[in-house]
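# Chains, contacts and geometry: an overview
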Amino acid sequence: MLCSERFHKIDKDFRNPFARDRDRIIHSGSFRKLEYKTQVFLNQEGDFFRTRLTHSIEVSQIARSITSHLGLNESLAEAIALAHDLGHTPFGHIGGDTLDECLREEGFKNGFEHNFQSFRVVSSLEKRYKGFDGLNLTFATLEGILKHSYPYKKSFLPSWIDEEFNLETHPSIEAMVVDRADEIAYMSHDIDDGVNSGLISFDDLKESALIQEILQKVKAEGISEDEDEMFRYRFSSHLINHLVYSLLEYSKDKIDNSSILCARLDSSSEIPVGFSPELETNIKKLKKLLFNKLYQHKNIVVKMFAGKQAIKGLYSALMEEEKMLPKFYLEQLSTRKKHRVVADCIAHMSDRYALSFYNEMYGKL
């Protein structure tokens, strides 16, 4: 199948195929739900903090900038970026991990994985057309969503996935750009949100050589940490710019932008989009530092533990009493396995709906 082809025929219009994909994703119900899904801080903790929606938009902006400079397809990168987190559950990664545990504990060995769930959302769970399920996106967009994380072969993937998408190959260069744009976005905005929340400070992060380099750039502008909001803004801007320019410099001579390449580059070959070995090492050290200082902070762990209990409670209740399922999911029980319908229902919930539903059944969490 060609990169721009779809599995179901559609009438042509004025947009290119990947721009049409982007528009279908933006207008999907799953995309709107991202506004009330956790990135690091629960949505109700304040209007300033990032959500899955603002994160996806920031990833899209960074991916567009990179692909535009490298002569790649900007619309394809944008579509993949906007869809890459559609499969996330409420309460961030802990929600997905908990739903996976619930399924596996009951003997459902395929469990739950948010990247594959994002693929399932756009390929089957969104209902927009009479003749078929899903959004009918192009092959390249679907592949980019499916192969968001390496390695691409996973034990729970059905055999038809490998037959259609060839898991022995890399996705498009645009998809690889989205993967690194995702990393750039969450590192920069998690630091911004973490400092703004008071859970971490720039002093906590100074053991990172990368952070020290960026702090020097901000201070060279004559801005002090006392100018809190401006300092954080300039820090995020410098960090993103530093990482983007470094990626462009390292990758520009390694990529083929003569056409959209999908399902062609052998997955054992080096990914041509990335950073120098020294910067890759510094990024890994920074991510470890963020994990220890921010993601494992007591205040975050408490909120995520509450989210974990909510996921467990919702799964247990809906498996025991299926009549509590919304009509859309209840009607699917005649044709689909109950545990997967329940998991899809929970994964689609926003944080505030999941908490409200849990509290309605069990009392305030």
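Residues numbered from 1 in each chain as written. Predicted model: local features only at pLDDT ≥ 70, side-chain atom pairs only at ≥ 80, totals over all residues. Heavy atoms only, no water.

## Let's talk about the packing of helix 11 (residues 209-219) against helix 13 (residues 277-295)
Viewed as axis vectors pointing N to C, helix 11 and helix 13 meet at an angle of 95°, and their least axial separation amounts to 8 Å. By the angle between their directions, the pair helix 11 and helix 13 is classed as roughly perpendicular. Each of Ala-209, Leu-210 and Ile-211 in helix 11 lies in contact with helix 13, whose residues at this interface are Leu-279, Asn-282, Ile-283 and Leu-286. (Axes fitted to C-alpha atoms, helices over the stretch in contact; angles between N-to-C directions. Helix = DSSP H or I, 4+ residues; strand = E, 2+ residues; numbered from the N terminus. Parallel < 35°, antiparallel > 145°, perpendicular 65-115°, else oblique. Contact = heavy atoms within 4.5 Å.)

## Observations concerning helix 1 (residues 17-26)
Most of helix 1 sits inside the fold, with 8 of its 10 residues counted as buried. All of the buried residues in helix 1 are Phe-18, Ala-19, Arg-20, Asp-21, Arg-22, Asp-23, Arg-24 and Ile-25. Elements that come into contact with the buried residues of helix 1 comprise helix 2 (29-33), helix 4 (74-83) and helix 7 (139-146). If you check the start of helix 1, you find a side-chain oxygen 2.9 Å away from the backbone N of Phe-18, and it comes from Asn-16. (Buried < 20%, exposed > 50% of the residue type's maximum accessible area, 1.4 Å probe, protein only. Polar contact = N/O pair within 3.5 Å; in protein donor to acceptor, adjacent residues only side chain to side chain.)

## Thoughts on the packing of aromatic side chains
Applying the stated criterion to the full structure yields 13 aromatic pairs. Pairing Phe-7 with Phe-165 gives two aromatic rings, centres 6.0 Å apart and planes at 55°, and the pair type is tilted. With Phe-7 in the segment before helix 1 and Phe-165 in helix 8 (residues 159-165), this pair connects stretches of sequence that are 158 residues apart. Judged by its relative accessible area of 1%, Phe-165 is buried. Relative to Phe-156, the ring of Phe-116 has its centre 5.9 Å away and its plane inclined at 45°; by these criteria the two rings are tilted. (Phe/Tyr/Trp six-rings, centres within 6.5 Å; stacked < 30°, edge-to-face > 60°.)

## What to know about the state of the cysteines
What the rule picks out here adds up to 1 disulfide. Disulfide pairing places Cys-3 opposite Cys-262 at an S-S distance of 2.0 Å. Between Cys-3 and Cys-262, the disulfide has an S-S torsion of -115° and is therefore left-handed. Highlighted residues: Cys-3 in the segment before helix 1 and Cys-262 in the loop between helix 12 (228-251) and helix 13, separated in sequence by 259 residues. (Disulfide = S-S within 2.5 Å.)

## Notes on the nonpolar core
Counting 81 residues, the largest nonpolar core has Ile-25, Val-122, Ile-191, Phe-235 and Leu-243 as the members making the most contacts within it. In terms of residues, this core owes the most to one element, helix 9 (residues 173-197), which gives 11 residues. With sequence-adjacent residues up to four places away left out, Ile-191 is seen in contact with Ile-200, Phe-202, Leu-205, Ile-211, Phe-235, Leu-239, Leu-286 and Leu-290. Listed in part, the 25 residues of the second largest apolar core include Leu-318, Val-342, Ala-354 and Tyr-358. (Core = buried A, V, L, I, M, F, W, Y, C linked by side-chain atoms within 4.5 Å.)

## Quick look at the pattern of salt bridges
For the coordinates displayed, the defined rule picks out 27 salt bridges. The partner of Lys-147 in a salt bridge is Glu-143, and the shortest N-O contact between them spans 2.9 Å. Glu-143 matches Lys-147 in its accessibility class, with the two residues each being buried. Each of Arg-50, Glu-58, Asp-192, Asp-193, Asp-228 and Arg-232 takes part in a single network of salt bridges with overlapping partners. (Salt bridge = Lys/Arg side-chain N within 4 Å of Asp/Glu carboxyl O.)

## A look at the environment of Gln-212
Position of Gln-212 among the secondary structure elements: in helix 11. On the basis of relative accessibility, which here comes to 43%, the residue Gln-212 falls in the partly exposed class. Note: C-alpha distance between Gln-212 and Phe-202 (10 residues apart in sequence) is 9.1 Å.

## Some thoughts on the environment of Gln-332
Along the chain, Gln-332 falls in the loop between helix 15 (327-330) and helix 16 (338-348). Taking C-alpha positions, Gln-332 is 25 Å from Phe-91, a pair spaced 241 residues apart along the chain. Of the polar contacts made by the side chain of Gln-332, one reaches the backbone oxygen of Phe-328; its length is 3.2 Å.

## A short note on unusual backbone geometry
Geometrically, the link from Tyr-150 to Pro-151 is a cis peptide bond, its omega value of 0° lying close to zero. Note on placement: Pro-151 falls in the loop between helix 7 and helix 8. Phi is positive for Ala-263, which is not a glycine, with a value near 55°. Structurally, Ala-263 can be placed in the loop between helix 12 and helix 13.

## Let's talk about the packing of helix 4 against helix 9
Where helix 4 contacts helix 9, the axes come no closer than 9 Å and their chain directions differ by 45°. As judged from the angle between their axes, helix 4 and helix 9 are oblique. In this structure, the crossing between helix 4 and helix 9 has a hand that is right-handed. Taking contact as the criterion, the partners of Leu-76, Ala-77, Ile-80 and Ala-81 in helix 4 are, on helix 9, Glu-174, Ala-175 and Val-178. Taken together, the residues of the contact of helix 4 with helix 9 break down into 6 nonpolar, no polar and 1 charged. (Left-handed = near helix turned anticlockwise from the far one by under 90°. Nonpolar A, V, L, I, M, F, W, Y, C, P; charged D, E, K, R; others polar.)

## Digging into the side chain of Arg-50
Looking at where Arg-50 falls in the secondary structure, it is placed in the loop between helix 2 and helix 3 (52-70). The class of Arg-50 is buried, set by a relative accessible area of 14%. One polar contact links Arg-50 to Glu-58, side chain to side chain, over a distance of 3.0 Å. Reaching out from Arg-50, the side chain makes a polar contact with the side chain of Asp-192 at a distance of 2.8 Å.

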